[in-house]
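This is what each chain is made of:
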Amino acid sequence: MPDIIHLLPDAIANQIAAGEVVQRPASVVKELLENSVDAGSTKIQLIVSDAGKNLIQVIDDGKGMSETDARMSFERHATSKIRKSEDLFNILTMGFRGEALASIAAVARVELKTKTTDAELGSSIIIEASEVKSQGPDSMNQGTTLSVKNLFYNVPARRNFLKSNSVEMRHIIDEFQRISLANPQIGFSLIQNDKEVYNAPAGKLSQRIVHLFGKNYQTQLITCQEETEWFKVTGYIGKPEHAKKTRGEQFFFVNNRFIKSSYLNHAVQGAYEGLIKDDQHPFYTLFIEMDPARIDINVHPTKTEIKFEDERSVYGIIKSAVKQALGAHNVTPSLDFET
Ligand code: ADP
Ligand code: MG
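Residues numbered from 1 in each chain as written. Chains lettered and ligands numbered in written order. Predicted model: local features only at pLDDT ≥ 70, side-chain atom pairs only at ≥ 80, totals over all residues.

Visitor: What is the right way to read the site of ligand 1 from this model?
Guide: Taken together, 23 residues sit near ligand 1, with Asn-35, Ala-39, Ser-73, Thr-79 and Gly-95 positioned nearest. Of all the secondary structure elements, the ones that give two or more residues to the shell around ligand 1 are helix H2 (25-38) and helix H4 (100-106). (Near = placed C-beta within 6 Å. Helix = DSSP H or I, 4+ residues; strand = E, 2+ residues; numbered from the N terminus.)

Visitor: Help me understand H2 in this model?
Guide: Here H2 is 14 residues long and its end C-alpha atoms lie 20 Å apart, about the 20 Å a rise of 1.5 Å per residue gives. Counting buried positions over the 14 residues of H2 gives 13, a clear majority of the element. With its phi angle positive at about 75°, Gly-40 sits one or two positions after the end of H2. (Expected span 1.5 Å × (residues − 1). Buried ≥ 20, exposed ≤ 12 C-beta atoms within 10 Å, placed from the backbone.)

Visitor: Sorry if this is basic, but what is going on with the pairing of strand E10 (residues 231-238) here?
Guide: Note on strand geometry: in a regular strand, side chains alternate between the two faces of the sheet. Across seven bridges, strand E9 (residues 221-227) lies against E10 in antiparallel orientation. Across the sheet, Ile-222 pairs through a bridge with Ile-237, a residue of E10. Taking the residues that link successive antiparallel strands as the turn, the E9-E10 hairpin has three residues. Note that E10 and strand E13 (residues 284-290) share seven bridges and pair antiparallel. By the bridge assignment for E13, Val-233 is matched with Ile-288. (Pairing = 2+ DSSP bridges.)

Visitor: I tried to follow the packing of H2 against helix H6 (residues 165-182) on my own but got confused; where do I start?
Guide: Geometrically, a packed helix pair is captured by the angle between its two axes and the distance between the axes. Taken N-terminus to C-terminus, the directions of H2 and H6 make an angle of 20°; their axes are 8 Å apart at the nearest point. Between H2 and H6, the angle falls in the class roughly parallel. The element H2 and its partner H6 pack so that their crossing is right-handed. Taking contact as the criterion, the partners of Pro-25, Ala-26, Val-29, Lys-30, Leu-33, Glu-34 and Val-37 in H2 are, on H6, Glu-168, His-171, Ile-172, Asp-174, Glu-175, Phe-176 and Ile-179. Residue classes in the contact of H2 with H6 are distributed as eight nonpolar, one polar and five charged. (Axes fitted to C-alpha atoms, helices over the stretch in contact; angles between N-to-C directions. Parallel < 35°, antiparallel > 145°, perpendicular 65-115°, else oblique. Left-handed = near helix turned anticlockwise from the far one by under 90°. Contact = placed C-beta atoms within 7 Å. Nonpolar A, V, L, I, M, F, W, Y, C, P; charged D, E, K, R; others polar.)

Visitor: Could you clarify how one ought to interpret the sheet that holds E10 in this entry?
Guide: Ordered by their spatial adjacency, five strands build an open sheet running E9-E10-E13-E11-E12, and the pairing between neighbours is mixed. Two strands lie at the open edges of the sheet, namely E9 and strand E12 (257-259), each paired on one side alone. Mean inter-strand twist for the sheet, computed between neighbouring axes without regard to direction, equals 20°. The sheet contacts of H6 involve strand E11 (250-254), E12 and E13, and relative to E11 the element is tilted by about 55°.

By themselves these figures say nothing about function.
This is the structure in structure tokens:
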């Protein structure tokens, strides 16, 4: 019997991996914005047209890449962020898998332009379905511009599965809001079909919230803070009287990474008991900081779910922090606001 096993060509392996990393335009937005944050940018601009189906472009002023790195960045498992397995337990960057660019470039037409501070010229690369179409020097400012065009053009089944523009745009805005909330020290703007829909300058978290969700938040935010030996939570919760019937504006971040946790949401909701109706949901943007060794962020490829070593204590601290903030709000005047 002849041997029948062979290694898949890179383009196919990347396309398969892309199935996990790139579900929809919003997944591309998330990966590109995270890369720009990791690159130490002070300003990040997101441009989308046709809900990202035709164009997703992220322009940053971060550290950029050398010519060789620019090419390397599209290889699978190519990363500058971790080196050895111990690093997995002490991740300080948003990315670390080295899969995003390789995956995106397997299912779209991607154009990268990038320049480091000390380089005289930048470099530009065009890749389509994992194949380099052109590469050469290019003049530009420091930073990186990544353009993703015709997403899933070579995977018709995926392309057909995309939802309406309004649904896909909602997902994009969700990602944009999460990353922009987690990084108020970075200026973020969003241009949708040639129209600027957000422009939030670098500032404080409270200012970022107001930019994203509206001026009425200036009078709705209550500071929330609690610290134990191994755990810290900071951020803002909304006044009970402004709780809404919809759940949209609820954000948990763990070590600056957005997470979804119905368990922790329950803790917050529980703290509002008696203050809001059962079908109402309070606003919150809470940042948990703790030793990364006590969490496993590697449990899910899209990384919105994490595992805490001591889930019940985390629940307890969150609930008591929110309760305390709500109690303090009743006796002290509301947050002193500057924009
Ligand atoms: P990961 O972020 O997990 O390392 P990616 O595929 O997203 O993997 O990116 C690969 C590498 O390309 C990164 O590790 C980084 O060195 C480089 N890179 C990607 N985007 C940028 C950017 N906007 N600015 C500078 N470097 C970038
Ligand atoms: Mg990345």
